[in-house]
Structures are given as structure tokens and as C-alpha cells.
Amino acid sequence: MYPWFRMVKEIVKFRKAPALHPFDTHVSHHICWPWDIDPWMELNNGRTLTLYDLGRLPLGERTGLHRIAKAKGWGMAVAGASVRYRRRVRAFHRFEMKTRLIGWDARFVYMEQSMWRQGECSSHLLLRSAITRGARGIVPPAEMAEALGLAPQSPPLPDWVAAWITADAERPWPPMEGA
């Protein structure tokens, strides 16, 4: 089940927090609850992706993106993700989450998020997101940037992000066609 109460808690908790520049890092703190764990008694990999929402939503609020999106009738959709898991998070462990915008290209916005426990990174997410406008398709990220008061051209994406974009573009679609 989606963590609706936790999502509302995060939005309420940060509604009066200082505004963030779109490239600033949003930091939040969370607990791994028993309903977040898998049979191996650690944070479930799928739940990790869901909990990362709890970092992106307040970032959108604090940067003003959600207000702009609502006024313009925009939505946001995850269009791809890559997660690297390195350390276990177990039930009742507290962890810190960091969320930041990296940049954009002609179609997508790129963000990174990480979970930290006791000074060590437990997981790291690279996310590609699309800003949508109903049946009219994807909003060019340059339009989003200008609405946020940024230049329409993204800062250069780091090499590791560009490499991921290239590698992902080479994946067959549909997957396993003919199998």
C-alpha cells in the first residue's frame, strides 16, 4: 500500500520550510517501519523506490514546482530509474534522504536521490522524470526551467548521467520481443 500518511506528513512538515533553489538539496529523515521490510528483514527494494517519493514531493513543494505545475495543468511521471543498493536498512533504522535536481535534456528531467545511515550511503537513485500535460504529451523541460526562473538550457549533465542516458537508449523496446 502506498504510504499516504507519510507523504502527507512530509508535505505538512516542510510546508513552512525555507524555499529551495531548484538545484539545492532537500534533506529529510525517515524510519524503516516493519511494513517496509522484506522476508530478509531489511528495507524492500520496491519499497525503497516508493520511499524515494517522500523526498521528491517536498522538493517540488519547496522549489515552487508543484505550484507552477498545478497552475499550468502539468503532471509528473517517472520515466526511468536506476538504483544502486550498497548497505542494509533494517526495521526501525533511521535514515537520511537527500534529493536534488541534476539537470535536463530535450525530453526529461534528471534527479538523484540517496539514503544515508550512520554516515554511509545505503542506496543511490538516478531518476528520469517527464513533465506531462494531459493528452498533449510531454512538456519540454526548458519550459519548466523558465517557469522556475532558470535558463532554458540545462547545466551540463555529469558524464555518468550522460552515459546512463546513452546506455538506456540502446535497450530494446519492447523488451524480449519475439521471446
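Before reading further, recall that the structure is shown in the block above.
Quick notes on the rules
Residues numbered from 1 in each chain as written. Predicted model: local features only at pLDDT ≥ 70, side-chain atom pairs only at ≥ 80, totals over all residues. Heavy atoms only, no water. Helix = DSSP H or I, 4+ residues; strand = E, 2+ residues; numbered from the N terminus. Contact = heavy atoms within 4.5 Å. Pairing = 2+ DSSP bridges. Axes fitted to C-alpha atoms, helices over the stretch in contact; angles between N-to-C directions. Phe/Tyr/Trp six-rings, centres within 6.5 Å; stacked < 30°, edge-to-face > 60°. Buried < 20%, exposed > 50% of the residue type's maximum accessible area, 1.4 Å probe, protein only. Parallel < 35°, antiparallel > 145°, perpendicular 65-115°, else oblique. Left-handed = near helix turned anticlockwise from the far one by under 90°. Nonpolar A, V, L, I, M, F, W, Y, C, P; charged D, E, K, R; others polar.

K.L.:
Quick one: what's the story with the side chain of S129, residue by residue and with numbers?
P.N.:
Within the element layout of this structure, S129 appears in strand 5 (residues 120-132). Residues contacting S129, with those up to four places away along its chain left out, are M76, A77, V78, A79, F108 and V109.

K.L.:
An account of the sheet that holds strand 5 is needed here, citing residue identities and associated values.
P.N.:
Pairing between sheet strands relies on hydrogen bonds along the backbone, with the strands arranged either parallel or antiparallel. As summarised here, the arrangement of the five strands in space is 1-3-4-5-2, forming an open sheet in which the pairing is antiparallel. Two strands lie at the open edges of the sheet, namely strand 1 (26-31) and strand 2 (75-85), each paired on one side alone. Ignoring strand direction, the axes of neighbouring strands in this sheet form an average angle of 25 degrees. Relative to strand 3 (residues 94-104), strand 1 runs antiparallel, the two sharing six bridges. Its bridge partner lying in strand 3, I31 is registered against R94.

K.L.:
An account of the packing of aromatic side chains is requested, with residue identities and associated values reported.
P.N.:
One pass over the structure, following the stated rule, counts five aromatic pairs. Where F23 meets W104, the ring centres are 6.0 Å apart and the plane angle is 20 degrees; that geometry is what we call stacked. Of this pair, F23 sits in the loop between helix 1 (4-14) and strand 1 while W104 sits in strand 3, and the two are 81 residues apart along the sequence. Accessibility expressed as a relative area gives 24% for F23, which makes it partly exposed.

K.L.:
Residue-level account of the pairing of strand 5, with values.
P.N.:
Relative to strand 5, strand 2 is paired through ten bridges, and the arrangement is antiparallel. Across the sheet, G75 pairs through a bridge with T132, a residue of strand 5. In sequence, strand 4 (residues 109-117) turns back onto strand 5 through a hairpin of two residues, with Q118 there showing a positive phi of about 55 degrees.

K.L.:
Explain the environment of L43 to me, using residue names and the numbers behind them.
P.N.:
You can see L43 is positioned in the loop between strand 1 and helix 2 (45-63). The sequence separation of L43 and V89 amounts to 46 residues, and the corresponding C-alpha distance is 5.4 Å.

K.L.:
Got a sec to walk through the packing of helix 1 against helix 2? Specific residues and values, please.
P.N.:
Following both chains from N to C, one finds helix 1 and helix 2 inclined at 25 degrees, their axes separated by 9 Å at the closest point. Taken together, the axes of helix 1 and helix 2 lie roughly parallel to each other. Where helix 1 crosses over helix 2, the handedness of that crossing is right-handed. Of the residues in helix 2, those in contact with R6, M7, E10 and F14 of helix 1 are R47, L51, L54, L57, P58 and R62. Among the residues making up the contact of helix 1 with helix 2, the classes are represented as six nonpolar, no polar and four charged.

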